[in-house]
Amino acid sequence: MRATLMYGAGDVRVENVPDSALELPTDALVRVSASCICGSDLWPYASMAPGGTPARMGHEFVGIVEETGSEVTSVRKGDLVIAPWLISDGTCEFCREGRYSCCVHVGMWDLLPGEGGQAEAVRVPFADGTLVKVPGGADPSLLPSLLTLSDVFGTGHHAAVAGGVTPGSTVAVIGDGAVGLLAALAAKRLGAERIVLMGRHRARTDLGREFGVTDVVAARGPDGIEQVRALTGGHGAPVVIEAVGTRDAYDQAVGVVRGGGTISRVGVPQYEDAPVGLGSLFFRNITLTGGAAPTRAYIGELLPGVLDGTLQPGKVFDAVTDLDGVPGGYRDMAARTSLKVLVTS
């Protein structure tokens, strides 16, 4: 079968690899219907050192179950399923609490040897705890939106929930990538009254307005902080969602959050050191939350809106390709000429 491998920074190839196959009775084999390139894939695309073992790529996919192990009970051959970006056993104490990202057997497709979502098929460990069946299948036109439940919409929703968004909330979202835009959509769905998006790509911020953004701030640094504060009564936003992952974005969040407010951080952090002390968070009683999103916990809540068309998170996909076009999709996303690339089979 064919799959995507990253050999180093800027070096993505689609090659023939051994067919995925069941290994354990708790596995399922899924034929991929749609996958995508994630903004987090761009970090290794920019920095991965060459010469090591190539990495299988892709941690978001939906597909059709082709085969199941003898112990799998929740899905069967022919089912349309959503694969969350994290593998979870579904039975440990953390999974029972809905904290799938803390599962004692947690895994990630990009880190599972020999498997990845940007491929023709995937072996899914712990199929009962990982996969979510789409009841009755779905119209193919819904596949892009269903795919966002694997990661980006679930992550945006996690950001809004962790941040404490409720009806009437004022929210600032830092970053106009797919996660930031879908965090805005999630905040709107939860009843936010004012949503300020910090982004400067017109096509993206226009989509943000469609999702519920009320104000756009293109400036960064001190000017951006000043503008957000001016829009929020001079004190800043009670909820700030950081959806980028850079130190600059974190500093922006610290600058625009209101005293007593919350920073919900879901951008994959590309730093280890950041201010959390007296002058930055402590004295102002700022809550820092977020983290790796347990998206499986949210699929049941978000799925009905996708199926009935009231939620259309799939609009974040602005380019479509097949596997052959994946290397070009990485180039386009890295160059910011594409927001998010959908990969269809």
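Notes on the packing of helix 6 (residues 178-189) against helix 7 (residues 202-211)
- Where helix 6 contacts helix 7, the axes come no closer than 8 Å and their chain directions differ by 15°. Considered as vectors, helix 6 and helix 7 are oriented roughly parallel to each other. Seen from above, helix 6 lies across helix 7 with right-handed handedness. Taking contact as the criterion, the partners of L181, L182, A184, L185 and K188 in helix 6 are, on helix 7, R204, L207, G208 and F211.

Here's the deal with the pairing of strand 3 (residues 28-36)
- Of all 9 residues in strand 3, 8 are buried, a share of seventy percent or more.
- In the sheet, strand 3 pairs with strand 5 (residues 61-68) via 7 bridges, with the strands oriented antiparallel. Residue pairing across strands places V30 opposite V65, the latter belonging to strand 5.
- Bridge count for strand 3 against strand 9 (residues 121-124) is 4 bridges, and the pairing is antiparallel. Across the sheet, V30 pairs through a bridge with V122, a residue of strand 9.
- Looking at chain direction, strand 3 and strand 18 (residues 341-344) are connected through 3 bridges and run antiparallel. Its bridge partner being in strand 18, S35 is matched across the sheet by V343.

What about helix 6?
- Between its first and last C-alpha, helix 6 extends 16 Å over 12 residues, near the 16 Å set by a 1.5 Å rise per residue.
- With 10 of 12 residues buried, helix 6 is to be regarded as a mostly interior element.
- Along helix 6, the positions that sit buried rather than exposed are A178, V179, G180, L181, L182, A183, A184, L185, A186 and A187.
- Packing partners of the buried residues in helix 6 comprise helix 4 (143-148), helix 5 (152-163), strand 11 (170-174), strand 12 (194-198), helix 7 and strand 14 (237-242).
- G191 sits one or two residues past helix 6 and shows a positive phi near 105°.

Let's talk about the pattern of salt bridges
- Summed over the entire model, instances satisfying the criterion amount to 16 salt bridges.
- Between K133 and D79 there is a salt bridge whose closest N-O contact spans 3.7 Å. Within this pair, whereas K133 is found in strand 10 (residues 132-133), its partner D79 is found in the loop between strand 5 and strand 6 (80-83), the two being separated by 54 residues in sequence.
- What makes K133 partly exposed here is its relative accessible area of 39%.
- With a closest N to O distance of 2.8 Å, D251 and R247 form a salt bridge. Separated by 4 residues within a single helix, D251 and R247 lie in helix 9 (residues 247-256), roughly one turn from each other.
- Given a relative accessible area of 29%, D251 falls into the partly exposed group.
- In this structure R247 comes out as partly exposed when scored by relative accessible area, which is 34%.

Structural notes on the packing of helix 5 against helix 6
- Where helix 5 contacts helix 6, the axes come no closer than 7 Å and their chain directions differ by 55°. By the angle between their axes, helix 5 is oblique relative to helix 6. For helix 5 against helix 6, the interelement crossing comes out right-handed. Judged by residue contacts, V152, F153, T155, G156, H157 and A160 of helix 5 engage A178, V179, L182, A183, L185, A186, A187 and R189 from helix 6.
- For the contact of helix 5 with helix 6, the per-class residue count stands at 10 nonpolar, 3 polar and 1 charged.

Reading the values: rules and limits
Residues numbered from 1 in each chain as written. Predicted model: local features only at pLDDT ≥ 70, side-chain atom pairs only at ≥ 80, totals over all residues. Heavy atoms only, no water. Axes fitted to C-alpha atoms, helices over the stretch in contact; angles between N-to-C directions. Helix = DSSP H or I, 4+ residues; strand = E, 2+ residues; numbered from the N terminus. Parallel < 35°, antiparallel > 145°, perpendicular 65-115°, else oblique. Left-handed = near helix turned anticlockwise from the far one by under 90°. Contact = heavy atoms within 4.5 Å. Buried < 20%, exposed > 50% of the residue type's maximum accessible area, 1.4 Å probe, protein only. Pairing = 2+ DSSP bridges. Expected span 1.5 Å × (residues − 1). Salt bridge = Lys/Arg side-chain N within 4 Å of Asp/Glu carboxyl O. Nonpolar A, V, L, I, M, F, W, Y, C, P; charged D, E, K, R; others polar.

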